[in-house]
Amino acid sequence: MSGVLTAGEVAGLIAATGWIVLVCVLAMVLVKLARLLTETTKMVSDLNERVVPLLEDVTLTVNETNRQLVAVEAITKDVKQVSSHAAKLSAITETVFTGPLIKISALSHGVRRAIQARRPRRQVGREK
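Attention here is on the structure that accompanies the text. Bear in mind that the values here come from a model prediction, so they are computed numbers and not experimental data. Throughout this document, residue positions are counted from 1 along each chain, in the order its sequence is written. Reporting in this predicted model follows two pLDDT cut-offs: at least 70 for local features of residues, and 80 or more for side-chain atom pairs to be given and counted; totals over whole chains, interfaces and linings ignore these cut-offs and use all residues. To obtain the side-chain values, all non-hydrogen atoms of the structure were included, while hydrogens and water were left out.

1. Brief notes about the overall build of the chain
Thought 1: In DSSP terms, a helix is any run of H or I states spanning at least four residues, a strand is any run of E spanning at least two, and both are numbered starting from the N terminus. Looking only at helices and strands, one finds one helix and zero strands in the chain.
Thought 2: Our radius of gyration looks at C-alpha atoms and nothing else; its globule reference is 2.2 Å times the residue count to the power 0.38. Relative to the globule expectation of 14 Å for 128 residues, the C-alpha radius of gyration of the chain, 52 Å, shows a markedly less compact shape.
Thought 3: Projected onto its principal axes, the C-alpha coordinates of the chain cover approximately 170 × 45 × 25 Å.
Thought 4: Relative accessibility thresholds used throughout: buried, under 20% of the residue-type maximum; exposed, over 50%; partly exposed, between the two (1.4 Å probe, protein chains only). Each of the 128 residues in the chain was classed as buried or not, and the buried ones make up 0%.
Thought 5: What sets the accessible areas is the Shrake-Rupley method with a 1.4 Å probe; for residues, cover comes only from the shown protein chains. Here the chain displays about 12300 Å² of accessible surface, and carbon together with sulfur accounts for 68% of that area.
Thought 6: This count recognises Lys and Arg as positive and Asp and Glu as negative, with His and chain-terminal groups excluded. The atom standing in for a charge is NZ when the residue is Lys, CZ when it is Arg, CG when it is Asp and CD when it is Glu. Taking the 17 positively charged and 11 negatively charged side chains of the chain as two groups, their mean positions are separated by 38 Å.

2. Re the pattern of salt bridges
Thought 1: Put simply, a salt bridge is a Lys or Arg side-chain nitrogen that is within 4 Å of an Asp or Glu carboxyl oxygen. Taken as a whole and assessed by the stated rule, the structure comprises one salt bridge.
Thought 2: Linking Glu64 and Arg67 is a salt bridge whose minimum nitrogen-to-oxygen distance equals 2.6 Å. Of the two residues, Glu64 and Arg67 both sit in helix α1 (residues 7-118), three residues apart, roughly one turn of that helix.

3. What to know about a nonpolar patch on the surface
Thought 1: For patches, a residue must show more than 30% relative accessible area and have no salt bridge; joins then use 9 Å for like charges and 5 Å for nonpolar side chains, namely Val, Leu, Ile, Met, Phe, Trp and Tyr. A surface patch of nonpolar side chains, amounting to about 530 Å² of accessible area, comprises Ile92, Val96, Phe97, Leu101 and Ile104.
Thought 2: The residue Ile104 is located in helix α1 in this model.
Thought 3: A relative accessible area of 54% places Ile104 in the exposed class.

Here is the structure:
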């Protein structure tokens, strides 16, 4: 054997070197991908640990809000009833007091007119 390589051997050496470089690049990519997957898994786990208590708090808040809304609904119903009763009371009061007041007013007006009609009228300008 001689120290000179044939063309086939050189081509084989170049192909082997290319495969070695390709395998090294793929190995680096796989290592980085494995790190990325590890970090992603860690972040998802941390997020899960934080989200579960938050969801429990949201559930408690929604339940308390629903309870408060039921109480507000009851208060609103009571206010509506009180308002209805006040309107009825106002109508009754108006009926009880307004009718007699109008009659008294009309009577006093009639009496005043009758008294004025019976008095002799003074003539303005003749007083000396």
